[in-house]
Amino acid sequence: MELTQADRRHLDKSKQDTGSLGNNDDGLKYDSGRVAHDFSCIHSKGTANTQMKGYLLPAEDGEEATKHFLQELVNILLAYINKSLKRSSKVLDFHYPHQLKEGLEGFSLELPDQPDNLEQLLVDCRDTLKYGVKTGHPRFFNQLSTGLDIIGLAGEWLTSTANTNMFTYEISPVFILMEEVVLRKMHSIIGWPEEDGDGIFCAGGTMSNLYSVLLARFHLFPVVKTHGMSAIPRLALFTSVHSHYSIKKSAAVLGIGSENVIVVRCDERGKMISSELNSSIETAKSKGLVPFYVNATAGTTVYGAFDPLNEIADICEHHGLWMHVDAAWGGGLLLSNKHRVKLQGIKRAHSVTWNPHKMMGVPLQCSTILVKRKGLLQECNQLCAEYLFQPDKHYDVSYDTGDKSIQCGRHVDVFKLWLMWKAKGSEGFEAQINHCLENAEYLYYKLKRRTDFQLVFKGKPEHSNVCFRYLPKRLQSILPSPERDRELHMVAPKIKTKMMEEGFTMIGYQPLEDKVNFFRCVFSNPATQREDVDFLIDEIVRLGCEL
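This structure is a prediction, so every number in the text was calculated from the model and none was measured. (Residues numbered from 1 in each chain as written. Predicted model: local features only at pLDDT ≥ 70, side-chain atom pairs only at ≥ 80, totals over all residues. Heavy atoms only, no water.)

Draft legend 1. Representation of the nonpolar core in the model. One finds Val-325 and Phe-468 to be the most contacted residues of the largest nonpolar core, which totals 85 residues. A total of 13 residues in this core trace back to one element, the largest contributor, which is helix H13 (residues 414–448). Taken domain by domain, the makeup of this core includes at least three residues from each of domain 2 (171–412) and domain 3 (425–544). Not counting residues within four places of it along the chain, the set of residues in contact with Val-325 comprises Ala-296, Ala-298, Leu-309, Ile-346, Ala-349, Ser-351, Val-352 and Thr-353. Counting residues in hydrophobic clusters, the runner-up holds 27 residues, among them Tyr-211, Leu-235, Phe-292 and Ile-369. (Core = buried A, V, L, I, M, F, W, Y, C linked by side-chain atoms within 4.5 Å. Buried < 20%, exposed > 50% of the residue type's maximum accessible area, 1.4 Å probe, protein only. Helix = DSSP H or I, 4+ residues; strand = E, 2+ residues; numbered from the N terminus. Domains from an automatic or database assignment. Contact = heavy atoms within 4.5 Å.)

As structure tokens, then:
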């Protein structure tokens, strides 16, 4: 299929822009001299007849074309990575959904009946990156997962090339053993005996938290696996008002019911009040509910707060409850000798969620559920599918870990983390994490000294979250009132709109309980430096000073 004249003009422009995927505003060279290879007559279609000429592998003569295509793709990715790390480039080239759906400069989301050639596919790859968000940019502060680790990226490439599954040792021997090694290392960092713990890599922190509720229920009432919720009493679980919404979602998914999630009050800093937890448990019992599970958060999503784990553990032991620690965001601090004290008491938990794709900077996705009691995952989830988990294999079938999982097919998430750990060592992760928290402290002290910014709560942040509002000049002299709050509530959304349209930085905002909208800046990208923090402050002032 030949390109249209408009498409070819667009391709020529992309090549001239040398990988900058549009406007060449940073002077990057696309390929230091262009690969003179014509992809316009080459297609991917080659599986039906491998004898056909002019196709990628597995076509008979496809090796050379495949090599050139992948080299060209790597050139595109390298140019994108280089640009993402250049502060002169934008974080995003924003377009509204209808613009992308209608097509821009030859870029179309529609799927053809006839195959496009590889020339067009390379154009599509460039454009896909062009119109996306550069989450690895040093001035992207919008999410908990930021940055782009090159070793982690290499690990993801190898994983995709291997294209295997994590359910049995027979098809994934090295990755299965790597998972065992990495999980054992994480157990020891938490403070559990390495030989006793268990765990599995999951599809994100929400799934990890779901596992924790599932395991706690099975631990207390094993009959639920076969007889369902009708065979057990009405359960209650407890979590803080600042905890992640996945706890309620887990209760809904598992048939416990979101109304049976008891939300416990927090103090001004977003920490669960342990006395409130104890009274909530007593109240639930008096209403005929059966408490079974408490979720403590180590690094809340908005404030970055750490619940008092030892106090919560005492209460759980007193009432005989399962204690889970959602350390999806804060787990990385366990690698820092300076900051791990904030998770003191985590070793008393029955299960822990820890997302290396957050503070440790591993490419998405990389999340773990870690369990103190060995064998519980298997007992809870095992269904012994005969076509996968034959007991009479010629090797130790305990390495067939797939029956521990809710899923059947499971992506290999461990290798990129393993490879990064080899490259950095625990010391490298510690330095990276300390640097991110130093950036947060720097921002905090900068804002504290200014009259045009207002911190949401007093005191230095515990994690790398910094929550604040910008006060336009006209609001600085007005005393607090409902009318002022209504005006202030609109400031952050208006600034964010301008920020996204201009695209030089990106930060999130939200309300919380009765508080009006405020910005939440998070640091997890080791490429971010103090100059980027200064830029963020100046940009907010520039965009908001006239509001």
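Draft legend 2. Highlighting the domain arrangement of the chain. Domain assignment breaks the chain into domain 1 (5–133), domain 2 (171–412) and domain 3 (425–544). Counting residues at the interface gives 28 residues for domain 2, matched by 28 residues for domain 3. Summed over both sides, the interface of domain 2 with domain 3 buries roughly 2,300 Å², with 56% coming from carbon and sulfur. Across the pair Lys-271 and Glu-462 runs a salt bridge whose closest N-O atoms are separated by 2.8 Å. Our count for the contact surface shared by domain 2 and domain 3 stands at 12 residue pairs in polar contact (both at pLDDT 80 or more). Residue classes in the side of domain 2 that touches domain 3 are distributed as 10 nonpolar, 11 polar and seven charged. (Buried area = accessible area lost by both parts, 1.4 Å probe. Salt bridge = Lys/Arg side-chain N within 4 Å of Asp/Glu carboxyl O. Polar contact = N/O pair within 3.5 Å; in protein donor to acceptor, adjacent residues only side chain to side chain. Nonpolar A, V, L, I, M, F, W, Y, C, P; charged D, E, K, R; others polar.)

Draft legend 3. Quick look at the state of the cysteines. For the structure shown, the criterion picks out zero disulfides. As a non-bridged cysteine, Cys-436 has Cys-521 as the owner of its nearest cysteine sulfur, 11 Å distant. With relative accessibility at 0%, the residue Cys-436 sits in the buried group. (Disulfide = S-S within 2.5 Å.)

Draft legend 4. Molecular detail of the layout of surface pockets. In this structure, the largest pocket occupies an estimated 590 Å³ of space. Considering the residues around the largest pocket, the lining is formed by 23 residues, among which Thr-135, Gly-147, Leu-148, Leu-153 and Pro-363 are closest to the centre. Counting only elements with at least two residues in the lining of the largest pocket, the list comes to helix H2 (62–84) and helix H5 (150–162). Of the residues contributing to the lining of the largest pocket, the split by class is 12 nonpolar, nine polar and two charged. There are two domains that each give the lining of the largest pocket at least three residues, and those are domain 1 (5–133) and domain 2 (171–412). The computed volume of the second largest pocket comes to approximately 410 Å³. (1 Å grid on protein atoms, 1.4 Å probe; cavity = no way out; pocket = protein on both sides within 12 Å on 5 of 7 lines; lining within 4 Å. Points joined across faces, edges and corners; volume = space filled by probe spheres on them.)

Draft legend 5. Fine view of the pairing of strand E6 (residues 322–327). Among the six residues that make up E6, six are buried, leaving the element largely enclosed by the rest of the structure. Of the two faces of E6, the one holding Trp-322, His-324 and Asp-326 and the one holding Met-323, Val-325 and Ala-327 are both buried throughout. Where the polypeptide runs from strand E5 (residues 290–297) across helix H11 (residues 309–319) and back to E6, its parallel neighbour, the crossover connection is right-handed. For E6 and strand E7 (residues 351–354), the ladder comprises four bridges, and the chain directions are parallel. Within E7, the position partnered with Asp-326 by the bridge is Thr-353. (Right-handed = clockwise from strand over helix to strand, strands pointing away. Pairing = 2+ DSSP bridges.)

Draft legend 6. Main features of a nonpolar patch on the surface. A grouping of Val-74, Leu-78 and Trp-157 is seen on the molecular surface, where their side chains present a nonpolar patch of about 250 Å² in accessible area. Mapped onto the secondary structure, Trp-157 falls in helix H5. (Patch = residues over 30% accessible without salt bridge, like charges linked within 9 Å, V, L, I, M, F, W, Y side chains within 5 Å. Areas by Shrake-Rupley, 256 points an atom, 1.4 Å probe, with all protein chains shown as cover.)

Draft legend 7. Structural view of the UniProt feature "modified residue: N6-(pyridoxal phosphate)lysine" (unreviewed entry) in the chain. The feature "modified residue: N6-(pyridoxal phosphate)lysine" (unreviewed entry), as given by UniProt, occupies Lys-358 in the numbering adopted here. When sequence neighbours within four positions are dropped, the list of residues in contact with Lys-358 reads Leu-144, Ser-145, Ala-328, Trp-329 and Ser-524. (UniProt positions renumbered as here; feature names shortened; annotations may be inferred.)

Draft legend 8. Structural view of the pattern of salt bridges. Within this structure, the stated rule accounts for 25 salt bridges. Of the charged contacts, one joins Arg-542 and Glu-539 as a salt bridge, the two residues approaching to 2.8 Å between their closest N and O atoms. Note that Arg-542 and Glu-539 are positioned in helix H17 (residues 530–544) at a spacing of three residues, about one turn of the helix. The exposure class of Glu-539 is buried, given its relative accessible area of 6%. What emerges from the salt-bridge pattern is a single network uniting Arg-87, Arg-139, Glu-531 and Asp-532.

Draft legend 9. Quick peek at the sheet that holds E5. Reading across from one edge, E2-E8-E7-E6-E5-E3-E4 is the order of the seven strands in this open sheet, with mixed pairing throughout. On the outer flanks of this sheet lie strand E2 (198–202) and strand E4 (261–264), each paired with one strand and no other. Going from strand to strand, the sheet's axes swing by 20° on average, the running direction of each strand aside. Pairing geometry for strand E3 (residues 235–240) and E5, over five bridges, is parallel. Considered in E5, the bridge of Leu-237 is made with Tyr-293. Lying over the sheet, helix H6 (residues 173–190) contacts E2, E7 and strand E8 (367–371), oriented at roughly 115° with respect to E2. (Axes fitted to C-alpha atoms, helices over the stretch in contact; angles between N-to-C directions.)

Draft legend 10. Geometry of the sheet that holds strand E9 (residues 453–455). If you walk across this open sheet you meet the five strands as E1-E11-E12-E10-E9, and the pairing is mixed. The outermost strands of the open sheet, each flanked by one partner alone, are strand E1 (140–141) and E9. Note that strand E11 (residues 506–512) and strand E12 (residues 515–522) share four bridges and pair antiparallel. Within E12, the position partnered with Gly-508 by the bridge is Arg-520. This element, H13, spans E9, strand E10 (465–470) and E12 of the sheet and lies at about 25° to E10. Of the strands in this sheet, E9, E10, E11 and E12 touch helix H15 (residues 482–489), which is tilted by about 35° from E12.

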